Amino acid sequence: MASFHEIFGQARPIKILQSILQTQNVPNALLFTGEDGIGKRSSAMIFIQALLCQNISLNNPLNPPFLKGGDINPCDTCLPCKKIQSGNHPDFLTIAPIEGERSIKINDILAMQDMIHFEPIDAKRKVVLIAEAETMTAQAQNSLLKTLEEAPPYALLVLIAAKPGLLAPTLLSRCQKVPFSPLSLSQIESILMEKKRWSTGDARLVAAFTGGKLGEALSLEKEEARAKEEALNSLVKEENLSHYNTLFEMAKSHTANVESMEHALYYLSAYFRDILVMLMVKGDALTDSSILVFSWRKEEIMRWANKMSTEDVTRFLADIAAIQQTLSRNINKQLALETLLMQMRDKLGTTV
Ligand SMILES: [Zn+2]
């Protein structure tokens, strides 16, 4: 069922969309921003369906049953709603990079331009969704800018971009922004506990892995998460860090691609956060180990806490955050992780 109630933790962007639906004051272009996997695309689809829904556009939107808890949601039963859901609404078009291609080309935009100049067939609007909009080539962006400048009043372009910084400023300035933010780990945790009926431990583990990306968290099985955790835990094992060869091998295998490096860094930051918690509650006094992400690793986290000061841990957390910031650039990932692991090794004070 298409309902904004399925979108969690995004009150701010949903408020913007609701206000557009309520006033029916629809701009020519909307830009949904925010990381992947936090609900941009799903929200865009619900919004577009609501916009084209016969029961909302023809009737008073303040009329039930389309009002669920004060929000406007598509009715899901009218013909336009069904057409949107089956992907064959004549007034709705999606543009995305074709499989195997990394960018949206000018020809895709030109084809859309032609389509947009025919008046809507079924609805009173024509909507184009541009997914991964930041992959548009410079030419495609230019052409889209022209489309926007000459857009007929019934046209709405919905752009979705995880990295809006890659879009031309002239294009950005023509779009009304709908910003999505990552969910906090505790928000994800409670959603997983509620929706999947997981224990706190499992929910927290998956939340820690997916770094605020609900879509990813919901698709990850807890067995899968546990196996991943086991593999990532090798990064903090004393016996692995104390052997140079093992340390370098680990740095290599965990930096094979950006995704594995991301996971390694998320893991380390969650792990160091636990060490910090341990130091702050003074170890032994920690009776409720559920405040740790890795509560079942309490003993080994305690061993790390005994070798570090609060300042040490804070510095590690800052270093990890600094590497996370630079990941999208072309940094030497393996060297960065090696350096981090070497510093951890120094804290252990072991040599082999
Ligand atoms: Zn409908």
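Residues numbered from 1 in each chain as written. Predicted model: local features only at pLDDT ≥ 70, side-chain atom pairs only at ≥ 80, totals over all residues. Heavy atoms only, no water.

Chemist: Would you mind going over the environment of Ser 173 in detail, with residue names and values included?
Modeler: Secondary-structure assignment places Ser 173 in the loop between α7 (169–172) and β7 (176–179). Assessed through its relative accessible area of 59%, Ser 173 is described here as exposed. Sequence separation between Ser 173 and Gly 39 is 134 residues, and the spatial gap between their C-alpha atoms is 23 Å. Looking at Ser 173, its side chain comes within polar contact range of the main-chain oxygen of Thr 170, at 2.9 Å. (Helix = DSSP H or I, 4+ residues; strand = E, 2+ residues; numbered from the N terminus. Buried < 20%, exposed > 50% of the residue type's maximum accessible area, 1.4 Å probe, protein only. Polar contact = N/O pair within 3.5 Å; in protein donor to acceptor, adjacent residues only side chain to side chain.)

Chemist: So what about the side chain of His 89? Which residues, and what values?
Modeler: Looking at the element boundaries, His 89 is found in the loop between α4 (79–85) and β4 (92–95). Given a relative accessible area of 4%, His 89 falls into the buried group. Only 3.0 Å separates the side chain of His 89 from the backbone nitrogen of Asp 91, close enough to count as a polar contact.

Chemist: Explain the nonpolar core to me, and be specific about the residues and the numbers.
Modeler: By size, the foremost hydrophobic cluster in this structure holds 54 residues, and its most contacted members are Leu 268, Phe 272, Ile 275, Trp 304, Leu 341 and Met 344. When residues of this core are assigned to their parent elements, the largest contribution, 13 residues, is made by helix α14 (residues 258–280). Setting aside residues no more than four positions away along its own chain, Ile 275 makes contact with Ile 301, Trp 304, Ala 305, Met 308 and Val 313. Grouped together as the second largest cluster of nonpolar side chains are 34 residues, Leu 17, Leu 30, Phe 47 and Val 127 included. (Core = buried A, V, L, I, M, F, W, Y, C linked by side-chain atoms within 4.5 Å. Contact = heavy atoms within 4.5 Å.)

Chemist: Would you mind going over the coordination of the zinc ion in detail, with residue names and values included?
Modeler: Ideal geometry at a metal centre gives angles of 109.5 degrees when four donors are arranged tetrahedrally and 90 or 180 degrees when six donors are arranged octahedrally. At this site the zinc ion is bound by Cys 53 (SG), Cys 75 (SG), Cys 78 (SG) and Cys 81 (SG), with donor distances of 2.3 to 2.4 Å. The motif formed by the donor residues of the zinc ion, counted along the single chain, is C-x21-C-x2-C-x2-C. Here the residue Cys 53 occupies a position in the loop between α2 (40–52) and α3 (54–57), and Cys 75 occupies one in the loop between β3 (71–72) and α4, the gap between them amounting to 22 residues. Each member of the pair, Cys 53 as well as Cys 75, carries the same accessibility label: buried. (Donors = N, O, S within 2.8 Å, 3.2 Å for Na, K, Ca; no water.)

Chemist: Before we move on, could you go through unusual backbone geometry and cite the residues and values that matter?
Modeler: Trans is the common state for peptide bonds, and a negative phi is the common state for residues other than glycine. Even without a glycine there, the phi angle at Asp 76 is positive, about 75°. Structurally, the position occupied by Asp 76 is in the loop between β3 and α4. Although it is not a glycine, Arg 197 sits at a positive phi angle of roughly 55°. By secondary structure assignment, the location of Arg 197 is in the loop between α8 (185–195) and α9 (200–210).

Chemist: Describe α9, listing the residues and the values that go with them.
Modeler: α9 sits mainly inside the fold: 9 of its 11 residues count as buried. Every buried residue belonging to α9 is among Asp 202, Ala 203, Arg 204, Leu 205, Val 206, Ala 207, Ala 208, Phe 209 and Thr 210, and all of these are buried. Those residues of α9 that are buried lie in contact with α8, α10 (214–219), α11 (222–233) and α14. Looking at the residues trailing α9, positive phi occurs at Gly 212, about 90°.

Chemist: Can you tell me about the domain arrangement of the protein chain, naming the residues and giving the values?
Modeler: Domain annotation for the protein chain reports domain 1 (4–179) and domain 2 (221–348). Computed over C-alpha atoms only, the centres of domain 1 and domain 2 are separated by 40 Å. (Domains from an automatic or database assignment.)

Chemist: Can you lay out the packing of aromatic side chains for me, pointing to particular residues and giving the numbers?
Modeler: For the coordinates displayed, the defined rule picks out 7 aromatic pairs. Centroid distance Phe 32 to Phe 180: 5.7 Å. Interplanar angle 20°. Geometry classified as stacked. With Phe 32 in strand β1 (residues 29–33) and Phe 180 in the loop between β7 and α8, the pair connects residues that are 148 residues apart, well separated along the chain. Between Tyr 267 and Phe 294, the ring centres sit 4.8 Å apart and the planes meet at 50°, which makes this aromatic pair tilted. Taken together, the residues Tyr 267 in helix α14 and Phe 294 in the loop between α14 and α15 (298–307) connect sequence positions 27 residues apart. Grouping residues by exposure puts Tyr 267 and Phe 294 together as buried. Every member of this aromatic cluster is reached through a ring pair, and the members are Tyr 267, Tyr 271, Phe 294 and Trp 296. (Phe/Tyr/Trp six-rings, centres within 6.5 Å; stacked < 30°, edge-to-face > 60°.)

Chemist: Describe the sheet that holds β1, naming the residues involved and giving the relevant values.
Modeler: Across the sheet, which stays open at both edges, the 5 strands sit in the order β4-β5-β6-β1-β7 with parallel pairing between neighbours. Strands at the two margins of the open sheet, each flanked by one partner only, are β4 and β7. Going from strand to strand, the sheet's axes swing by 20° on average, the running direction of each strand aside. Inspection of the sheet shows strand β5 (residues 126–130) paired to strand β6 (residues 155–161) by 5 bridges, in the parallel sense. Within β6, the position partnered with Ile 130 by the bridge is Leu 159. (Pairing = 2+ DSSP bridges. Axes fitted to C-alpha atoms, helices over the stretch in contact; angles between N-to-C directions.)

Chemist: Go over the pattern of salt bridges with me, naming the residues and quoting the values.
Modeler: For the structure on display, the rule yields 16 salt bridges. Between Arg 204 and Glu 189 there is a salt bridge, and its shortest N-O distance comes to 3.2 Å. With Arg 204 in helix α9 and Glu 189 in helix α8, this residue pair connects regions lying 15 residues apart in the sequence. Judged by its relative accessible area of 13%, Glu 189 is buried. In this structure, the salt-bridge partner of Lys 347 is Asp 312, at a minimum N-O distance of 3.3 Å. Of this pair, Lys 347 sits in helix α17 (residues 333–348) while Asp 312 sits in helix α16 (residues 310–326), and the two are 35 residues apart along the sequence. We classify Lys 347 as partly exposed; its relative accessible area is 29%. Through salt bridges with shared partners, one network takes in Glu 229, Glu 230, Lys 237, Arg 297 and Glu 300. (Salt bridge = Lys/Arg side-chain N within 4 Å of Asp/Glu carboxyl O.)

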